[in-house]
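Notes for the structure review
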Amino acid sequence: MDKETLLNKIRKNSDISFLEDMSADLKSDYDFILNAVKNHGESLKYASDSIKDNRIVVLEAIRPTDIKAVLKNENAIAHASRKLLNDKSFILEALTVNAKIYPFLDEVFKEDFEIIKHTIKSNPKVFEKLSEKYRGNFEIAKLAISAYAYNLKYASKELQNNI
């Protein structure tokens, strides 16, 4: 199958497992993979390791394109290279693109105060997914509740009584 036919198939299908059988050349083709992830973030799963290590491609893979694409795009972060997934500056940049990737981050980043503050600023609705420790942190809770009042429901009982 030629590139354009494959891209059209990606656009039209939610199941893209057919990409598993694409050639090594296509898996390493920057332009093709970039276009593929713009249409379906999970396409990153089938890219070569060198492409999975490319910041631009991974950021495009997680970028929400429409309501239906949000979930499949936030899951795409799992297919990024270990190098990128362990790079705090990349994680901060990725959270700016799509804060809904937070649940898919390594535990060390889920417990990083700077990452949590950045995530809440980008998407305060993530507050409910934080550990009790951070839902009980005054600074984090205040930030989340001031941006989205409904978050008061998820703050620790102690903070709910004091805010």
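Residues numbered from 1 in each chain as written. Predicted model: local features only at pLDDT ≥ 70, side-chain atom pairs only at ≥ 80, totals over all residues. Heavy atoms only, no water.

Moving on: the environment of lysine 52. Mapped onto the elements, lysine 52 comes out in helix H4 (residues 49–52). Residue class for lysine 52 comes out buried when judged on its relative accessible area of 16%. For the pair lysine 52 and tyrosine 102, spaced 50 residues apart in the sequence, the C-alpha separation amounts to 19 Å. Leaving out residues up to four positions away in the same chain, lysine 52 has contacts with Leu44, Lys45, Ala47, Val58, His79, Ala80, Ser81 and Leu84. (Helix = DSSP H or I, 4+ residues; strand = E, 2+ residues; numbered from the N terminus. Buried < 20%, exposed > 50% of the residue type's maximum accessible area, 1.4 Å probe, protein only. Contact = heavy atoms within 4.5 Å.)

It is worth spelling out the layout of surface pockets at this point. As a volume, the second largest pocket reaches approximately 150 Å³. Forming the walls of the second largest pocket are Glu74, Lys100, Pro103, Asn123, Lys125, Val126, Glu128, Lys129, Tyr148 and Tyr150. Per-class residue counts for the lining of the second largest pocket are four nonpolar, one polar and five charged. (1 Å grid on protein atoms, 1.4 Å probe; cavity = no way out; pocket = protein on both sides within 12 Å on 5 of 7 lines; lining within 4 Å. Points joined across faces, edges and corners; volume = space filled by probe spheres on them. Nonpolar A, V, L, I, M, F, W, Y, C, P; charged D, E, K, R; others polar.)

What follows deals with the packing of helix H5 (residues 55–62) against helix H8 (residues 88–97). The interhelical angle for the contact between H5 and H8, taken along N-to-C directions, is 35°, at an axis separation of 9 Å. Handedness of the crossing formed by H5 with H8: right-handed. On H8, the residues that touch Arg55, Val58, Leu59 and Ile62 of H5 are Ser89, Phe90, Glu93, Ala94 and Val97. Of the residues that constitute the contact of H5 with H8, the class distribution is six nonpolar, one polar and two charged. (Axes fitted to C-alpha atoms, helices over the stretch in contact; angles between N-to-C directions. Left-handed = near helix turned anticlockwise from the far one by under 90°.)

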